[in-house]
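The primary structure of each chain is shown beneath.
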Protein chains: 2
Amino acid sequence: MTGTVYLVGAGPGAVDLLTLRAARLLAEADVVLHDALVGPEVLALAAKAKLYNVGKRANRPSVDQRLICKLLVRVALRHKVVVRLKGGDPNLFGRASEEIAACRDAGIPLVSVPGISAGFAAASALGVSLTARGVSRSVTFVTPSSARGRVERDMHWADAAAAAETAVIYMGALHAERVTEALIARGVAASRPVVLLESVSADSEHIVRGSLNDLPDLARQLGDGPAIMIIGEAVAEARAALTERDAA
Amino acid sequence: MTGTVYLVGAGPGAVDLLTLRAARLLAEADVVLHDALVGPEVLALAAKAKLYNVGKRANRPSVDQRLICKLLVRVALRHKVVVRLKGGDPNLFGRASEEIAACRDAGIPLVSVPGISAGFAAASALGVSLTARGVSRSVTFVTPSSARGRVERDMHWADAAAAAETAVIYMGALHAERVTEALIARGVAASRPVVLLESVSADSEHIVRGSLNDLPDLARQLGDGPAIMIIGEAVAEARAALTERDAA
């Protein structure tokens, strides 16, 4: 009996930002393979499943990814409902393609279920639209981080981020200096508003804000939770709104 | 008594792609103001709410938007839980900023709840990652459509789409010829893979695929449901997978 692998987005962190479909699949799951960042409240929905934490350790991604693919295929050959649970949306910076290919090569059906990516939870937390008439009609999601956690030598990510009116940068806080340099070198104004959000939607959510020029200093104010950065005039109002909130 | 406005993403169409939070808020809602594209199954979750369809009619956006803002403020001054329900995510091409500003100006608290945007539902439907090591580390969401449904004279959207490895184009099917011309003029290969999805995640989902060069022909194969286009090598595998599916 070959099962089905459900590649499911766990959303940004808060358990009630899962989709109804994701919650149902977790309840039905026989086995769940999850990333390190998926929290206990979300995993508690998988009441009858055997859980595997397959979160990657730093600097060992390529070895681990092969092991994850092998484990995924192995459990899917023995169990009916296998959920592969990834933070955010599985198809945005989720390194899903290797696992999709592994299932395809093994003849295992795979069904993907979208999730709320951190960038959208960030916009909601800030109370701003990523797009706005006359302000932004393009939003780019990029990461400057390579598979091994270093900054990419290929600077295509910077070209794409500089060309967009709103740039949402994933896994970039450790490379904040490089991000600032690269964007300013491509003509982005040093005064462009930026907001950094750590652990968005979780109780420990932490937001700092300023201008592109301040990005490295702002990044140093964050802890070690997952962080996202938004750069663009679209977040200018977030700064004002947060200032009001902080003053209240 | 002033209520709270919840600016809620309804997701791409399928009712179980709502978040748990969105479903709970709909169940609690006293009033729901929804767009024309939100389906009856989703609205059925708002069991006790008075429903207002505030979907815009073509070519009358600016008048209608002012009326929507007025209505939103009026109901929030009289009801406790007011849900403003928008297709997809409210903060991506949802024209949310006017409504956020109207609530702020009237002193009405507004809480935003993210939703699954069509681009993510599309990636899941195709079974592909929008990003992949060595293929794409940037995803850009753009629309070539102005507030009045015409093509924007400002071509910034085309610059941003051409700079990204994966471009996800909203409300672009009617302007397919212009999109193709603009991207090819900016150096995008005419052979770059494209996929068009109409009514993604709904029973009437319809997918066509080809190359950038074919985009205008492909767009003519669609009906009048909402359509999204994805352009980039990231969807090359979707073409192969769909071909296998169609052959089966």
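Before any of the text, the structure's been laid out above.
Bear in mind the structure is a predicted one, so any value in this text is a computation, not a measurement.

(A) Here's a closer look at the overall build of chain A. If you tally the helices and strands in chain A, you get 9 helices and 10 strands. Over its C-alpha trace chain A gives a radius of gyration of 19 Å, about what one expects of a compact globule, namely 18 Å for 248 residues. With the principal axes as the frame, chain A shows a C-alpha extent of 60 × 40 × 35 Å. Buried residues in chain A amount to 57% of all 248 residues. Contacts spanning at least 24 positions in sequence make up 70% of the contacts within chain A whose residues lie at least 6 apart. Of the roughly 10100 Å² of accessible surface on chain A, 51% is carried by carbon and sulfur atoms. Looking at charge distribution, chain A has the averaged site of its 28 positive side-chain charges lying 9 Å from that of its 26 negative ones.

(B) Highlighting the pattern of salt bridges. Here the structure, examined in full by the defined rule, presents 20 salt bridges over all chains. For Asp16 of chain A, the salt bridge is made with Arg24 of chain B, and the minimal N-O distance between the two is 3.8 Å. In this pair, Asp16 of chain A sits in the loop between β1 (4–9) and α1 (20–28) while Arg24 of chain B sits in helix α1 (residues 20–28), so the two residues belong to two different chains. Since its relative accessible area comes to 39%, Arg24 of chain B is described here as partly exposed. Linking Glu99 of chain B and Lys86 of chain B is a salt bridge whose minimum nitrogen-to-oxygen distance equals 3.2 Å. With Glu99 of chain B in helix α4 (residues 96–105) and Lys86 of chain B in strand β4 (residues 81–86), this residue pair connects regions lying 13 residues apart in the sequence. On the basis of relative accessible area, Glu99 of chain B is assigned to the buried category, the value being 0%. One connected set of salt bridges, linked through shared partners, spans Asp16 of chain A together with Arg21, Arg24 and Glu28 of chain B.

(C) Molecular detail of the nonpolar core. Counting 46 residues, the largest nonpolar core has Leu126, Phe141 and Leu197 of chain A together with Leu126, Phe141 and Leu197 of chain B as the members making the most contacts within it. Setting aside residues up to four positions removed in sequence, Phe141 of chain A forms contacts with Leu92, Phe93, Gly119, Phe120, Val168 and Tyr170 of chain A together with Arg137, Ser138, Val139 and Phe141 of chain B.

(D) Highlighting unusual backbone geometry. One non-glycine residue with positive phi stands out, namely Ser201 of chain A, at about 80°. Checked against the element boundaries, Ser201 of chain A lands in the loop between β8 (193–198) and β9 (206–211). A positive phi angle, near 50°, is found at Ser199 of chain B, a position not held by glycine. Topologically, Ser199 of chain B is positioned in the loop between β8 (193–198) and β9 (206–211).

(E) A look at the interface of chain A and chain B. On the side of chain B, 56 residues touch chain A, which itself brings 56 residues to the contact. Carbon and sulfur atoms supply 56% of the area buried between chain A and chain B, which totals about 4700 Å² over both sides. Taken together, the links from chain A to chain B amount to 4 salt bridges. Joining chain A to chain B, the criterion identifies 19 residue pairs in polar contact (both at pLDDT 80 or more). Taken together, the residues of the side of chain A that touches chain B sort by class into 26 nonpolar, 16 polar and 14 charged. Where strand β6 (residues 138–142) of chain A lies against strand β6 (residues 138–142) of chain B, 5 bridges are found, and the strand directions are antiparallel. By the bridge assignment, Thr140 of chain A is partnered in β6 of chain B with Thr140 of chain B.

(F) A look at the side chain of Thr180 of chain A. Residues and elements named next belong to chain A. Residue position: Thr180 is located in helix α7 (residues 176–185). A distance of 3.4 Å separates a polar atom in the side chain of Thr180 from the backbone oxygen of Leu212. Setting aside anything within four residues of it in sequence, one finds Thr180 in contact with Leu212, Asn213, Leu215 and Pro216.

(G) Structural view of the packing of helix α6 (residues 156–163) of chain A against helix α6 (residues 156–163) of chain B. In the contact formed by α6 of chain A and α6 of chain B, the axes pass within 8 Å of each other and the chain directions differ by 165°. One way to sum up the angle between α6 of chain A and α6 of chain B is to call them roughly antiparallel. Read as a crossing pair, α6 of chain A and α6 of chain B show a hand that is left-handed. Only His156, Asp159, Ala160 and Ala163 of chain B of α6 of chain B make contact with α6 of chain A, whose side of the interface consists of His156, Asp159, Ala160 and Ala163 of chain A. Tallied by class, residues from the contact of α6 of chain A with α6 of chain B come to 4 nonpolar, 2 polar and 2 charged.

(H) Geometry of the side chain of Ser138 of chain A. Residue position: Ser138 of chain A is located in strand β6. Overall, the relative accessible area of 0% leaves Ser138 of chain A in the buried class. Within the local environment of Ser138 of chain A, its side chain forms a polar contact with the backbone nitrogen of Glu165 of chain A, the two atoms lying 3.0 Å apart. Discounting residues that sit within four places of it in the chain, Ser138 of chain A has contacts with Ala164, Glu165 and Thr166 of chain A together with Phe141, Val142, His156 and Ala160 of chain B.

(I) Region of the structure containing the pairing of strand β7 (residues 166–170) of chain A. Residue and element names in this part refer to chain A. Where burial is concerned, most of β7 is hidden: 5 out of the 5 residues are buried. Of the two faces of β7, both are covered, the one formed by Thr166, Val168 and Tyr170 as well as the one formed by Ala167 and Ile169. Examined bridge by bridge, β6 and β7 share 4 bridges and lie parallel to one another. By the bridge assignment, Phe141 is partnered in β7 with Val168. The pairing of β7 with strand β10 (residues 227–231) spans 4 bridges and is antiparallel. Bridge pairing in β10 links Tyr170 to Ile228.

What counts as what
Here the residue index of a chain counts from 1 through its sequence in written order. All chains are assigned letters beginning at A, and all ligands numbers beginning at 1, according to the order in which they are written. Predicted model: local features are reported for residues with pLDDT of at least 70 only, side-chain atom pairs are reported and counted for 80 or more only, and whole-chain, interface and lining totals are derived from all residues. Remark: hydrogens and water are excluded; side-chain values derive from all non-hydrogen atoms of the structure. Strands are runs of DSSP state E lasting at least 2 residues, helices are runs of H or I lasting at least 4, and numbering of each runs from the N terminus. For a compact globule the rule gives 2.2 Å times the number of residues to the power 0.38, and the radius of gyration it is set against comes from C-alpha atoms. Each residue is placed in one exposure class: buried if its accessible area under a 1.4 Å probe, protein chains only, is under 20% of its type's maximum, exposed if it is over 50%, and partly exposed if it falls in between. Contacts are residue-level and defined by heavy atoms, with any inter-residue pair within 4.5 Å sufficient. Accessible surface area values rest on a Shrake-Rupley calculation with a 1.4 Å probe, where residue burial reflects the displayed protein chains alone. When charges are counted, Lys and Arg are positive and Asp and Glu negative, with His and the chain ends excluded. Lysine's charge is taken at NZ, arginine's at CZ, aspartate's at CG and glutamate's at CD. Should a side-chain nitrogen of Lys or Arg be within 4 Å of a carboxyl oxygen of Asp or Glu, the pair is scored as a salt bridge. Nine residue types can take part in a nonpolar core, namely buried Ala, Val, Leu, Ile, Met, Phe, Trp, Tyr and Cys, and a core is a set of them joined through side-chain atoms within 4.5 Å. Each of two parts loses accessible area, computed with a 1.4 Å probe, when they are put together; buried area is these two losses added. Definition of a polar contact: a pair of N or O atoms within 3.5 Å, with one able to donate and the other able to accept a hydrogen when the atoms are protein atoms, and with sequence-neighbouring residues admitted only if both atoms are side-chain atoms. Residues are grouped as follows: Ala, Val, Leu, Ile, Met, Phe, Trp, Tyr, Cys and Pro are nonpolar; Asp, Glu, Lys and Arg are charged; every other residue, Gly included, is polar. When DSSP finds two or more bridges between a pair of strands, those strands are recorded as paired. All axes are obtained by fitting lines to C-alpha atoms, using only the stretch in contact for helices, and the reported angles, taken between N-to-C directions, cover 0 to 180 degrees. With respect to orientation, any angle under 35 degrees is reported as roughly parallel, any angle over 145 as roughly antiparallel, any angle of 65 to 115 as roughly perpendicular, and every other angle as oblique. By definition, turning the near helix anticlockwise from the far helix through less than a right angle yields a left-handed crossing, and turning it clockwise yields a right-handed one.

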